[in-house]
Amino acid sequence: MAIGAMMSVQTGAAVSTWMFAAVGPVGAAFLRLALAAAFLLAICRPNPFKFSKSSMLSAIGLGLVSCCMTLFYFQAINLIPLGTASTLEYLGPFTIAVIGLKKRRDLVWPVLALAGVVMLTTPWAGEFNPVGIAYGLAAGASLGGYVVLSQRVGDSFSGMQGLAISLTVAAITASFFGAKSSINGITITILIISAVSAILLPLLPYALEMQALRGMTTSSFSTLMSFEPGFACVIGFVLLGQQLSFLQFAGIALVVIAGVGAVRRGQRTEPALA
């Protein structure tokens, strides 16, 4: 589920760049979140009054960090290569992975993953763009919070009801930044593409990640997310014409080893509430 989510995220992000000329990165982010929220609300129809205050606060918090993560990441990939942006974003889950370790010997997996990610994306090879890097780091901080809150919401709500609430909060928040630009540039073609691609990002990956976190620790899940920059490089090669070097293939090998090690050590010992 986690790997499927990561592939969906990077494919959706690459496709999103094709819409930037019409509605801008912030407008594209808003359209994705709004359409995904509408889809999930129609399916789940959650009743906020049935849930506890703490559960609702977790869902609202997840919505806020999801909005920030999407907006910052779309701004980053508009300014810097997809692989570089994904590397910067991975620093958030990497921090969660290290903090969540219970045994010192398990540190080898996130460190190995980080080394593989750096080899994969070779961030030193691209043009230095401080604004793009700042957006990438902000997306990473948001992603770290997203991992923690996604597991909490998954444990507090049954099915995808918590995610439906979170996506609604994310869409409403994003509307303050992206509604105007999306309305100004919207066409029937853009609307259809947005509706279809909203499944790739955020609907499908958010649902898969929440389900995966019900069975994995945040530390192992965050280490496994080192696969995502690798997918970014491969998808960037297929859809955006970026080339892969021998060093990047070696990085993929390190990331795979780290991911396998993390998954083997990452089963949750406490049962999920939902």
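Coordinates for the structure precede this section.
The secondary structure content of the protein amounts to 11 helices and 0 strands. Scanning the protein from its N terminus toward the C terminus, one meets helices and strands in the order α-α-α-α-α-α-α-α-α-α-α. The C-alpha atoms of the protein give 18 Å as radius of gyration, which agrees with the globular expectation for 274 residues (19 Å, within 12%). Once the C-alpha set of the protein is aligned to its principal axes, its extents read approximately 45 × 45 × 25 Å. In the protein, which comprises 274 residues, the proportion classed as buried is 52%. For the protein, the share of sequence-separated contacts (at least 6 apart) that also reach a separation of at least 24 residues comes to 89%. Total accessible area on the protein is roughly 12100 Å²; 71% of this is exposed by carbon and sulfur atoms. Side-chain charges in the protein split into 14 positive and 7 negative, and the spacing between the mean points of these groups amounts to 9 Å.

Each neighbour pair has its own omega, and for Leu201 with Pro202 the value is 20 degrees, a cis peptide bond. Positionally, Pro202 belongs in helix α8 (residues 188-213). If you check the backbone angles, Arg45 has positive phi at about 45 degrees while not being a glycine. Position of Arg45 relative to the elements: it lies in the loop between α2 (20-44) and α3 (53-77).

Here the focus is empty space enclosed by the protein. Tallying each qualifying case throughout the model produces 2 cavities of 30 Å³ or more. The space that makes up the largest cavity amounts to roughly 140 Å³. Looking at the largest cavity, it is lined by 13 residues, and the ones nearest its centre are Val9, Met69, Glu89, Leu201 and Tyr206. Among the elements of the structure, α3, α6 (130-156) and α8 are those that each provide at least two residues to the lining of the largest cavity. In terms of residue count, the dominant contributor to the lining of the largest cavity is α3 (4 residues). Residue composition of the lining of the largest cavity, grouped by class: 9 nonpolar, 1 polar and 3 charged. As a volume, the second largest cavity reaches approximately 40 Å³. Looking at the second largest cavity, the residues that line it are Ser86, Glu89, Tyr90, Pro93, Leu143, Met225, Glu228 and Pro229. Contributions of two or more residues to the lining of the second largest cavity are made by α4 (82-99) and α10 (227-240). A per-element tally of the lining of the second largest cavity places α4 first, with 4 residues.

On to the side chain of Glu209, then. By the secondary structure assignment, Glu209 is in helix α8. Arg214 provides the closest opposite charge to the buried, unpaired Glu209, separated from it by 13 Å. Contact partners of Glu209, with chain neighbours within four places excluded, come to Ala5, Val9, Tyr146, Phe221 and Met225.

Moving on to the nonpolar core. Membership of the largest hydrophobic core comes to 71 residues, with the highest contact counts inside it found for Tyr73, Phe74, Ile77, Tyr146, Leu167 and Phe221. What Leu167 contacts, discounting residues up to four positions off in sequence, is Leu33, Ala36, Ala37, Leu40, Pro202, Leu203 and Tyr206.

Another aspect to go through is the packing of α6 against α8. Two elements in contact, α6 and α8, have axes separated by 8 Å at closest approach and are oriented at 70 degrees. Comparing the axis directions of α6 and α8 gives the class roughly perpendicular. Here α6 contributes Tyr146, Val147, Ser150, Gln151, Val153 and Gly154 to the contact with α8, which in turn contributes Pro205, Tyr206, Glu209, Met210 and Leu213. Taken together, the residues that form the contact of α6 with α8 break down as 7 nonpolar, 3 polar and 1 charged.

This part is about α10. The terminal C-alpha atoms of α10, which comprises 14 residues, lie 19 Å apart, in line with the 20 Å expected from a rise of 1.5 Å per residue. When α10 is considered as a whole, its buried residues turn out to be Phe227, Glu228, Pro229, Gly230, Phe231, Ala232, Cys233, Ile235 and Gly236. Two residues or fewer past α10, Gly241 is found with a positive phi of approximately 80 degrees.

Once that is clear, we can look at the packing of aromatic side chains. Evaluated as defined, the whole model comprises 6 aromatic pairs. Taking the centre distance of 4.6 Å and the plane angle of 65 degrees together, the rings of Phe51 and Phe157 count as edge-to-face. With Phe51 in the loop between α2 and α3 and Phe157 in the loop between α6 and α7 (161-185), this residue pair connects regions lying 106 residues apart in the sequence. An angle of 50 degrees between the planes, with centres 6.3 Å apart, marks the rings of Tyr90 and Phe94 as tilted. Taken as a pair, Tyr90 and Phe94 lie in helix α4 at a separation of 4 residues, close to a single helical turn. On the basis of relative accessibility, which here comes to 2%, the residue Tyr90 falls in the buried class.

How each quantity is defined
- Residues numbered from 1 in each chain as written.
- Predicted model: local features only at pLDDT ≥ 70, side-chain atom pairs only at ≥ 80, totals over all residues.
- Heavy atoms only, no water.
- Helix = DSSP H or I, 4+ residues; strand = E, 2+ residues; numbered from the N terminus.
- Rg over C-alpha atoms; globule rule 2.2 N^0.38 Å.
- Buried < 20%, exposed > 50% of the residue type's maximum accessible area, 1.4 Å probe, protein only.
- Contact = heavy atoms within 4.5 Å.
- Areas by Shrake-Rupley, 256 points an atom, 1.4 Å probe, with all protein chains shown as cover.
- Lys, Arg positive; Asp, Glu negative; His and termini not counted.
- Charge placed at Lys NZ, Arg CZ, Asp CG, Glu CD.
- 1 Å grid on protein atoms, 1.4 Å probe; cavity = no way out; pocket = protein on both sides within 12 Å on 5 of 7 lines; lining within 4 Å.
- Points joined across faces, edges and corners; volume = space filled by probe spheres on them.
- Nonpolar A, V, L, I, M, F, W, Y, C, P; charged D, E, K, R; others polar.
- Salt bridge = Lys/Arg side-chain N within 4 Å of Asp/Glu carboxyl O.
- Core = buried A, V, L, I, M, F, W, Y, C linked by side-chain atoms within 4.5 Å.
- Axes fitted to C-alpha atoms, helices over the stretch in contact; angles between N-to-C directions.
- Parallel < 35°, antiparallel > 145°, perpendicular 65-115°, else oblique.
- Expected span 1.5 Å × (residues − 1).
- Phe/Tyr/Trp six-rings, centres within 6.5 Å; stacked < 30°, edge-to-face > 60°.

Everything listed is a geometric property; what it means functionally is a separate question.
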